[in-house]
Amino acid sequence: MDDFFYDPQESLGFMTITVNRLMSACLRRKMREDGIDLTAEQWGILVLLWNHAGSTQEELAHVGCVDKSSMSRVLSLMEAKGLIIRRTDPADGRRKIIRPSEKAMQLRRGALAVVNHVMDNALRNISQQDRDLCLTVLNTVRENLRHGECGLPSGPPSDPPA
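Residues numbered from 1 in each chain as written. Predicted model: local features only at pLDDT ≥ 70, side-chain atom pairs only at ≥ 80, totals over all residues. Heavy atoms only, no water.

Points about the nonpolar core
For clarity, the threshold we go by: To form a nonpolar core, buried Ala, Val, Leu, Ile, Met, Phe, Trp, Tyr and Cys residues must be joined to one another through side-chain atoms within 4.5 Å. Residue burial is assigned from relative accessible area. The probe radius is 1.4 Å, only protein chains are included, and a residue is buried under 20% of its type maximum, exposed over 50%, and partly exposed in between. Secondary structure follows DSSP: runs of H or I at least 4 residues long count as helices, runs of E at least 2 residues long count as strands, and numbering of each begins at the N terminus.
Formed by 29 residues in total, the largest nonpolar core has its most connected members in M31, L38 and W43. Among the secondary structure elements, those contributing two or more residues to this core are α1 (12-33), α2 (40-51), α3 (57-64), α4 (68-80) and α5 (102-122). Residue contributions to this core peak at eight residues, all from α2.

Digging into the confidence of the model for the protein chain
Quick reminder of the rule: Per-residue confidence from the predictor is reported as pLDDT, which spans 0 to 100. Two residues qualify as a contact provided that any one of their heavy atoms is within 4.5 Å of a heavy atom in the partner residue.
Put simply, the protein chain has an average pLDDT of 89, and 91% of its residues get 70 or more. Here residues 156-162 is modelled with pLDDT under 50, and outside its nearest four sequence neighbours on either side it reaches nine contacts, counting other chains as well.

What to know about unusual backbone geometry
The phi torsion at C65 lies on the positive side, around 55°, for a residue other than glycine. You can see C65 is positioned in the loop between α3 and α4. Classification of C65 by relative accessible area gives partly exposed; the value is 40%. One non-glycine residue, N125, adopts positive backbone phi at about 65°. For N125, the location among the structural elements is in the loop between α5 and α6 (128-147).

Regarding α3
Put simply, the test is: What the arc measures is the spread of directions leading from the helix axis to the C-beta atoms.
Among the residues of α3, those classed as buried are Q57, L60, A61 and V63. For α3, the angular spread of buried residues about the axis comes to 170°, placing them on one side. Where α3 is buried, its residues touch α2, β1 (55-56), α4, β2 (84-89), β3 (92-100) and α6.

So this is what it looks like as structure tokens:
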């Protein structure tokens, strides 16, 4: 009798979750080794803010495909670490405008060097053609999920990688 039920190694969902977890753990460890107190999640949010300073919590949650309360939790931690500044939107007192702090601005180059090192290691022995194809496939899957049957939130087409 064959008890084999399902091979998660053949599942795109399982593999993307596993790779994300491994990459996040590696990134966190390498950041810590370089004296940078950032998680992969915080890095992704800072990238959004460095590229689009003055975003709202709702915009960040939308682009990051997370709920508002999860984004609020991460932003509160980042604010406590001095990485972001939240200000009330003059046009709408209920909204907060979020900007990277000077401390976050000073981390940019060092953090990017760590990210590039981790990515170079993760992608070693993978051709540029295969890297491009992987990104194309993942972008298509993301758009299918956002606009298809699941109707998940969509962000701008230029969402940066986390």
